[in-house]
Amino acid sequence: MLDGLNLDAFTAWLQSLGTWAIAASLLLNIVISVAGVIPSIWLTGANVIAFGPELGFAVSLLGETLGAVSALMLYRRGLSSIPAIQQQRWAWLQRLHQYGRVKRACLVLVARFIPLVPSGVVNAIAALSTMSMLDFTLMTIIGKAPSIWLEGVLGKAMYSNSTIFHIALIIVVIALIVGLVRRKPS
């Protein structure tokens, strides 16, 4: 079926589902989000290829949002049963609880904008906070949209082995090197 994570095979499988393809993609996004450690770029790329750029973007954004909300609900349920968390012994967690609604929302939004912050980490930290589900959902939609668009472009470029992907990869590597050089103490 998936032939490892071969994008050709996965996209063909997704397209073979016909009217169920969007539902399957949404379900896979939820599983990926709840797992918290699986990158979704391959699914976003497959969505863009299978459904076209606009619908593929919309399916990916909806899927990642549903996945993040599902993860938040499950993480809250599971993490609330851990005694060390219930007793609020962690200083950073106590500070997080003291932040106002706007500051908590802004933290999630900023974390969603940063591509190197795994979604699972953002979901888990938000689950530990007192952030409302509505605020979390809105910040996830707003924060994930740019990265999903970029994942879609890169995923499709990676699939077609295009020059755009190679140029983007070179730019990312150069940006990381420059960032590391600037961070070194003088």
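For the structure itself, look to the data block above.
Because the structure is predicted, anything quoted here is derived from the model rather than measured.

**Quick notes on the side chain of Ser147**
Structurally, Ser147 is set in helix 9 (residues 133–160). A polar contact of 3.0 Å, which involves the side chain of Ser147, links it to the backbone oxygen of Lys144.

**Things to note about the packing of helix 2 (residues 21–35) against helix 4 (residues 53–79)**
At a minimum axis distance of 7 Å, the contact between helix 2 and helix 4 shows a crossing angle of 40°. Here helix 2 is positioned oblique relative to helix 4, judged by the angle of their axes. The element helix 2 and its partner helix 4 pack so that their crossing is right-handed.

**A look at the packing of aromatic side chains**
Scanning all chains against the criterion turns up 1 aromatic pair. Taking the centre distance of 5.6 Å and the plane angle of 35° together, the rings of Phe10 and Trp13 count as tilted. Note that Phe10 and Trp13 are positioned in helix 1 (residues 7–16) at a spacing of 3 residues, about one turn of the helix.

**A short note on the pattern of salt bridges**
Pairing is possible between side chains that carry opposite charge, provided their charged atoms lie close to one another. Taken as a whole and judged by the stated rule, the model has 2 salt bridges. Where Glu64 meets Lys144, a salt bridge forms, and the shortest distance between an N and an O atom there is 2.8 Å. With Glu64 in helix 4 and Lys144 in helix 9, this pair connects stretches of sequence that are 80 residues apart. Take Glu64 and Lys144: they sit in the same class, and that class is buried. Residues Asp135 and Arg101 are paired through a salt bridge, measuring 2.6 Å at the closest nitrogen-oxygen approach. Separated by 34 residues along the polypeptide, Asp135 in helix 9 and Arg101 in helix 7 (residues 101–113) bring together distant segments of the chain.

Parameters at a glance
Residues numbered from 1 in each chain as written. Predicted model: local features only at pLDDT ≥ 70, side-chain atom pairs only at ≥ 80, totals over all residues. Heavy atoms only, no water. Helix = DSSP H or I, 4+ residues; strand = E, 2+ residues; numbered from the N terminus. Polar contact = N/O pair within 3.5 Å; in protein donor to acceptor, adjacent residues only side chain to side chain. Axes fitted to C-alpha atoms, helices over the stretch in contact; angles between N-to-C directions. Parallel < 35°, antiparallel > 145°, perpendicular 65-115°, else oblique. Left-handed = near helix turned anticlockwise from the far one by under 90°. Phe/Tyr/Trp six-rings, centres within 6.5 Å; stacked < 30°, edge-to-face > 60°. Salt bridge = Lys/Arg side-chain N within 4 Å of Asp/Glu carboxyl O. Buried < 20%, exposed > 50% of the residue type's maximum accessible area, 1.4 Å probe, protein only.

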